[in-house]
Amino acid sequence: MAEESQIQHSHSQQQEHFDILNKTGDKTGITKPSGQVHRDGDYHRAVHVWIFAESTQQLLLQRRATRKDSRPDLWDISSADHISAGDSALVTARRVLEEELGVTLPKDAFELISAFLQEGVANDGKFINKEHNDVFLVTTIDPIPLEALTLQETEVSAVKYIAYDEYKRLLTKEDSDYVPYDVHGQYGQLFDLIEKRYKENTVARSLTLQKQLSRYAPVSLNAELTGVTDSDKEALVFIVKAASVMDEIFYLQSWYSNPALRDWLKEHADTSELNKLKWSYYQINKSPWSCLDDNEAFLTTADSAIRLLSKATRTISEWKGLEYRAAFPILKPASANFYPSDMDKMEFNLWNDSLAKDQQTEATSFFTVIKRHSEFILDSGLSNDKVASSKDLYIVPYSQEYKSLLTKAAKLLRKAGDITNSTSLKKLLHSKADAFLSNDYYESDIAWMDLDSKLDITIGPYETYEDKLFGYKATFEAYIGIRDDEATAQLKLFGDNLQLLEQNLPMDNAYKSKYVNAAPIRVIQLLYNSGDVKGPQVQAFNLPNDERIVKDRGTSMVMLKNISEAKFNHILLPIAIACVAKEQQELVDFKSFFTHIICHECCHGIGPHTISLPNGKESTVRLELQEFHSALEEAKADIVGLWALRFLISQDMLSESLLKSMYVSFLAGCFRSVRFGLEEAHGKGQALQFNWLYEKGAFVLHSEDTFSVDFSKIEGAVEGLSREILTIQAQGDKEAAGLFLKKYGVMTEPLKVALEKLENIQVPVDVFPTFPFADKILQ
């Protein structure tokens, strides 16, 4: 055990420093020599690593060396050690396995399964242990031959495999040959996890996946190429191929073993009905975590890819090498694959504060990933000399991290740009190709805003929803569509009146922008999408997110009309029939639904973006609100969009006939969006709005479990909520944002009533589009 082995370390090892944590496990920024840590009873961190053989259902145990001062000759977990100051849990886990057992594994072999606090006192009170343990599981296919292991004699005298249920039995009865662990507490979940993972009911699991799949209505989307020139049709082939590369990058951005999982599931999809269902649902979510279930895992590491390492251990005859499962954690990591998986906010902030100002900008940029020198050293087999603790993290631009894929996409876009006769499309495609290689997206985003072409192309890194840690990092995506000129012309009203809306926003005049650029609106029929388009499908988007461009030029909006029509027909109408009071059902119509979507996207472009903090510092709402920004921004665009529609009606710019239908259509839409889950920004933002409006009496629940709009209260409630959100954003008040979302962005009883009703009648939650035109190109 890590805390006991520390007692008998040599004098030089006793001077090793540990990071001091608080009780909840966060770094305080203080380090101390290990001896002082245990003398003073400071919280610190260690790792425990278990090796599990899938085929024999056995765990690998090590026997503690005879010379150890504490619990010598007892059987213990596979490997464990303290985490030195500046080191990370994953790097330490990899190192200790190599040092104690001679097993060298890449990071995708390690699955973080739990973290727990272990407290105790030894040596007559002289050794106080308060240890946060990160517990990793390594799943091999077969047991590693014991003769392939190289044991560290000072720590380990022997190793053996034991059936996990037999080991649990021995721990339960506190067998004196084994280091005691509480199998009903801290380690119970390890045994429960193995039990559940390998003794699953295949029929029950298939039924669960079928039910999850049924929440998506499959729709086939095509678009007429009428009006598209022959040269653009030829260019379109290369554009679709470039867009498909965005998928490859996004799989990698989600999690580092995700591409291997995808390939494995696809390869094995035809081997059983269950595997077919796994692959089908994976294609919707693009990861092992279900978007509609608050990112709960619907797969486990036992479903993942098998990888072979011929040199992970000492080579022995007639053994091909170590096969392991490419692991992923049960809980979706907030860091995705933008930061080291074991990096916390404190570590990032301490490191970021030590950087020069231009490097700080790079660290929080949309277009960089953060990595560890210590991981690089392990991966490349270089010297284990430790880098300075404050400099373990380093910055890698997207152009370097995804170089081979971006080079491929850039070549395809450049070919397409050479072919098209459209000046603005040529400029977009060429500048985006340049941006992929330079990592500077400013010019290509300007070119995207200036696009005036029948082919409407959005491709590159944009949204930051996947980064749940800070909301800094952008994911790659692509939307390829045909411009709907007639619908686009009808929507000019909204873009032309953004400044008027800004001047009349329900917030203090001091926070209002004196100049807002009108957001051009483009309506398209979607031909293909890729990259970060998992789970629920967007009906519109407002870009770019670069605050420099938003400030200077505003934003542009793209509406996906055929997606909106599919959602309205397959989802919103059935929801209205089930959840809206009968006398108001006829007020739910597509025009109101689509018009609010337009206004939602317009309203991303107004309100606070670049702000002045109370101390006079210039900042942005995104930087100040961090992980709360996305949900609050989606709620703002929604509710201010509803306010804006009412304002435009009052100015005789929109028909009065829209008034009631927009509120009732919004009510039905609340239930649609909340079903995305409260971990998703739109779902959480929608819950906040519904709960506020319900609390104010604007939404009313009736005895037959249907809802209606109280038209006498809705306008005041909408304006009040708009003011609350806009003010929090304008002040950059992260604490207020967190408290506001904590109070209102939750699953309340009225919402449960509606969602249970929709569950019972199995109304689809969203649509899953397929694209026959693009599929022919990509086959």
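Residues numbered from 1 in each chain as written. Predicted model: local features only at pLDDT ≥ 70, side-chain atom pairs only at ≥ 80, totals over all residues. Heavy atoms only, no water.

What follows deals with the sheet that holds strand 20 (residues 540–543). The five strands are arranged 17-18-19-21-20 in an open sheet whose pairing can be described as mixed. Among the strands making up the open sheet, the edge pair consists of strand 17 (455–461) and strand 20. Within this sheet the neighbouring strands show an average axis-to-axis angle of 35°, counted without direction. Strand direction decides the pairing type here: strand 17 and strand 18 (residues 476–483), joined by seven bridges, are antiparallel. Across the sheet, T458 pairs through a bridge with Y479, a residue of strand 18. On the sheet, helix 16 (residues 423–438) packs against strand 17 and strand 18 and is oriented at approximately 10° with respect to strand 17. (Pairing = 2+ DSSP bridges. Helix = DSSP H or I, 4+ residues; strand = E, 2+ residues; numbered from the N terminus. Axes fitted to C-alpha atoms, helices over the stretch in contact; angles between N-to-C directions. Contact = heavy atoms within 4.5 Å.)

With that settled, consider empty space enclosed by the protein. Rolled over the atoms, a probe with the dimensions of a water molecule shows which regions are left empty. Considering all chains together, one arrives at three cavities of 30 Å³ or more under this definition. Approximately 70 Å³ is the volume attributed to the second largest cavity. Around the second largest cavity sit K211, S214, R215, R675, L758, E759, Q762 and V763, which together line it. Of the residues that constitute the lining of the second largest cavity, the class distribution is two nonpolar, two polar and four charged. (1 Å grid on protein atoms, 1.4 Å probe; cavity = no way out; pocket = protein on both sides within 12 Å on 5 of 7 lines; lining within 4 Å. Points joined across faces, edges and corners; volume = space filled by probe spheres on them. Nonpolar A, V, L, I, M, F, W, Y, C, P; charged D, E, K, R; others polar.)

What follows is about helix 25 (residues 629–650). The end-to-end C-alpha distance of helix 25, which contains 22 residues, comes to 31 Å, matching closely the 32 Å that a straight helix rising 1.5 Å per residue would cover. Extensive coverage of helix 25 is indicated by the burial of 20 of its 22 residues. Downstream of helix 25 by a residue or two, D652 has a phi angle that is positive, lying close to 60°. (Expected span 1.5 Å × (residues − 1). Buried < 20%, exposed > 50% of the residue type's maximum accessible area, 1.4 Å probe, protein only.)

A word on the pattern of salt bridges. Applying the stated criterion across every chain yields a total of 51 salt bridges. A salt bridge links R483 to D456; its shortest N-O distance comes to 3.5 Å. Of the two residues, R483 is situated in strand 18 and D456 in strand 17; the sequence distance between them amounts to 27 residues. (Salt bridge = Lys/Arg side-chain N within 4 Å of Asp/Glu carboxyl O.)

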